[in-house]
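# Coordinate analysis (summary)
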Amino acid sequence: MSQFATWLSQTSLSLTFQVHEWIIPAVQSVHIIAIGIVLSAVLMVGLRVLDLAWRDQTLMQVTERFGPWLSWALVVLLLTGVVMVIGEPVRELMAFSFWAKMTLVAIGTAVALLFQRALRRHGPSWEASVTSQAGTKALAVVTFMLWICVVFLGRFIAYDHVWGSWSGSPKA
């Protein structure tokens, strides 16, 4: 991975991002807004699953309301994340925090997609039983906490050397 990161850092696109010092901070700002949208959408659906909000709406209605926000924000996260990796490949790709974050993003995305698919497939009859189950409520809380961990791990990328030998990232 080290050789790939070093090669990528020498490509013309990466060098362009490095020379224009405003690009990475601007992209990070958009990235942060997108993660805020993801957190908000997951929280809103989670509050409905926990029966703490939108009791007058079905879970399907709440998911249809916040699902598109979640989906588009995940696309924005992907695009801005790629730009940040290209702009700072050694810092990103050599960081333990980056790979832990990507693992949690993959899990969180899979949970969201599977939940939306199951809700569409089984419809209203499934909704009443699923929202009353303790396991579903626990999943809502765990999913939100997973995305909180994504935020912290994203921030830890800059300080990845704290992981010691787990990190191949150079000290900042």
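For the structure, see preceding data.
In what follows, the accompanying structure is described. Note that the structure is predicted; figures quoted are calculated from it, not measured. Per chain, the residues get numbers from 1 upward, laid out in the order the sequence is written. This being a predicted model, a pLDDT of at least 70 is required before a residue's local features are given, and a value of 80 or more before pairs of side-chain atoms are given or counted; all residues contribute to the totals for chains, interfaces and linings. Hydrogens and waters are ignored; side-chain quantities use all the structure's heavy atoms.

Here we take up the pattern of salt bridges. Side chains that carry opposite charge are capable of pairing whenever their charged atoms lie near each other. The rule for a salt bridge is simple: a side-chain nitrogen of Lys or Arg has to be within 4 Å of a carboxyl oxygen of Asp or Glu. In this structure the tally under the stated criterion is three salt bridges. Asp51 is the salt-bridge partner of Arg55, the closest N and O atoms lying 3.8 Å from each other. By relative accessible area, Arg55 is classed as exposed at 59%. You can call Asp51 partly exposed: its relative accessible area is 33%. Residue Glu88 is joined to Arg91 by a salt bridge in which the shortest nitrogen-to-oxygen separation is 3.4 Å. Only protein chains enter the accessibility calculation, which uses a 1.4 Å probe; a residue whose area is less than 20% of its type maximum is buried, one above 50% is exposed, and one in between is partly exposed.

Right, let's get into the packing of aromatic side chains. Aromatic pairing here means that ring centres of Phe, Tyr or Trp (its six-membered ring) are within 6.5 Å. Orientation follows from the plane angle: under 30 degrees is stacked, over 60 is edge-to-face, and everything else is tilted. One pass over the structure, following the stated rule, counts three aromatic pairs. Between Phe98 and Trp99, the aromatic rings sit 4.9 Å apart at their centres with planes inclined by 85°, giving edge-to-face as the arrangement. According to the relative accessible area criterion, Phe98 is buried, its value standing at 8%.

Once that is clear, we can look at a nonpolar patch on the surface. A cluster of nonpolar side chains, Met1, Phe4, Trp7, Trp99 and Met102, forms an exposed patch at the surface whose accessible area comes to about 550 Å². Helix and strand assignments come from DSSP, with helices taken as H or I runs of at least 4 residues and strands as E runs of at least 2, each series counted from the N terminus. Mapped onto the nonpolar patch, the elements with two or more residues apiece are helix H1 (2-9) and helix H6 (96-132). As for its placement among the helices and strands, Trp7 is situated in helix H1. Candidate patch residues must exceed 30% relative accessible area and have no salt bridge, after which like charges are joined if within 9 Å and Val, Leu, Ile, Met, Phe, Trp or Tyr side chains if within 5 Å. Exposure was quantified through the Shrake-Rupley algorithm and a 1.4 Å probe, taking into account, for residues, occlusion by the shown protein chains and nothing else.

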